[in-house]
Amino acid sequence: MLDDRRDALTLSEVEEPEGHRRLRDMLTREHGEAPNDFDDNVLRAIPLMSNGPMHPITDLWYVEPQYREPRELRIQISQFAQALARWAGFNLPGDSYNPVQPTYEEGLGYTLEPLSEAQAQSQRAQRVWQLLAGLLGEEELNPAYPMELSVLGALISGTDDDERLPDEVLVRLFRLIRLIRLLKDALAEEDAS
């Protein structure tokens, strides 16, 4: 189990000279923290508790084997996309119109319909809609909504608390991106066979 998890979390081996590692560890201890050792931390997770009907995030990168099949990835992707939409003020429980629609049998887990006129009044909703469209690889984003790259910058690192993703939503965005990449890889493997 430990070796499988370590392998899944290793993109490429790092050959760090022993002297460099000792210096890094010493400096870390001088700052009052324990040195970070990859092998020791492989089984640790990034704990995150956040209200909402979502698969809990216990690790940004590692995806458990039971969730790596295309249908399972689509279900998770759909949940994360809908959570981002809810944060932005659309796809709320009780809404009669939901622009983010789940798709479990094909595609990337969700499709997008245009925001309603009322939903489109929110710049936050427009930015998140454009982000979700971009993650789908939509050829044409909505030209009525902000389109410049700064949309992503405002959501990730902006200074306006109303527009910037809170940490619990930002972590979900990173997880969403990881799951989309895994699904695209799985679909490419299916097509190749």
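Analysis parameters
- Residues numbered from 1 in each chain as written.
- Predicted model: local features only at pLDDT ≥ 70, side-chain atom pairs only at ≥ 80, totals over all residues.
- Heavy atoms only, no water.
- Helix = DSSP H or I, 4+ residues; strand = E, 2+ residues; numbered from the N terminus.
- Buried < 20%, exposed > 50% of the residue type's maximum accessible area, 1.4 Å probe, protein only.
- Contact = heavy atoms within 4.5 Å.
- Phe/Tyr/Trp six-rings, centres within 6.5 Å; stacked < 30°, edge-to-face > 60°.
- Lys NZ or Arg CZ within 6 Å of the ring centre and 35° of its normal.
- Patch = residues over 30% accessible without salt bridge, like charges linked within 9 Å, V, L, I, M, F, W, Y side chains within 5 Å.
- Areas by Shrake-Rupley, 256 points an atom, 1.4 Å probe, with all protein chains shown as cover.
- Salt bridge = Lys/Arg side-chain N within 4 Å of Asp/Glu carboxyl O.
- Lys, Arg positive; Asp, Glu negative; His and termini not counted.
- Charge placed at Lys NZ, Arg CZ, Asp CG, Glu CD.
- pLDDT = per-residue confidence, 0-100.

Student: Would you mind going over the overall build of the chain with me for this structure?
Tutor: When helices and strands are tallied, the chain shows seven helices and two strands. Listing each helix as α and each strand as β along the chain from the N terminus yields α-α-α-α-β-β-α-α-α. Relative to its full complement of 193 residues, the chain shows a buried share of 37%. Counting contacts in the chain only where the partners sit at least 6 residues apart, residues at least 24 apart contribute 60% of the total.

Student: I would appreciate a short explanation of the packing of aromatic side chains in the present structure.
Tutor: For any pair of aromatic rings, the description rests on two quantities: the centre-to-centre distance and the angle between the ring planes. Scanning the model with the defined rule gives one aromatic pair in all. Taken together, a centroid distance of 5.5 Å and an interplanar angle of 85° make the contact between Trp-129 and Tyr-145 edge-to-face. Here Trp-129 is found in helix α5 (residues 123–136), whereas its partner Tyr-145 is found in the loop between α5 and α6 (150–157), with 16 residues between them in sequence. Judged by relative accessible area, Trp-129 falls into the buried class, the value being 7%. For the cation-ring pair, Arg-124 lies above Trp-87, with the distance from its terminal atom to the ring centre recorded as 3.9 Å.

Student: Explanation requested: a negative patch on the surface in the structure shown.
Tutor: A contiguous patch of negative charge, built from Glu-69, Asp-185, Glu-189, Glu-190 and Asp-191, is present on the exposed surface. For Glu-190, the position within the fold is in helix α7 (residues 167–192). With a relative accessible area of 47%, Glu-190 lands in the partly exposed category.

Student: Can you help me understand a nonpolar patch on the surface in this one?
Tutor: Together, Leu-23, Met-26 and Leu-27 make up a nonpolar patch on the protein surface, roughly 250 Å² of accessible area in all. Here Leu-27 is to be found in helix α2 (residues 18–30). Residue Leu-27 is classed as partly exposed on the basis of its relative accessible area of 38%.

Student: Which parts of the structure should I look at to understand the confidence of the model for the chain?
Tutor: Caution applies to low-pLDDT parts of the model: their predicted coordinates are not meant to be read in detail. When pLDDT is averaged along the chain, the result is 82; 80% of the residues meet or exceed 70. Averaged pLDDT values for the elements of the chain fall to 65 in helix α1 (residues 2–9) and rise to 96 in strand β1 (residues 100–102).

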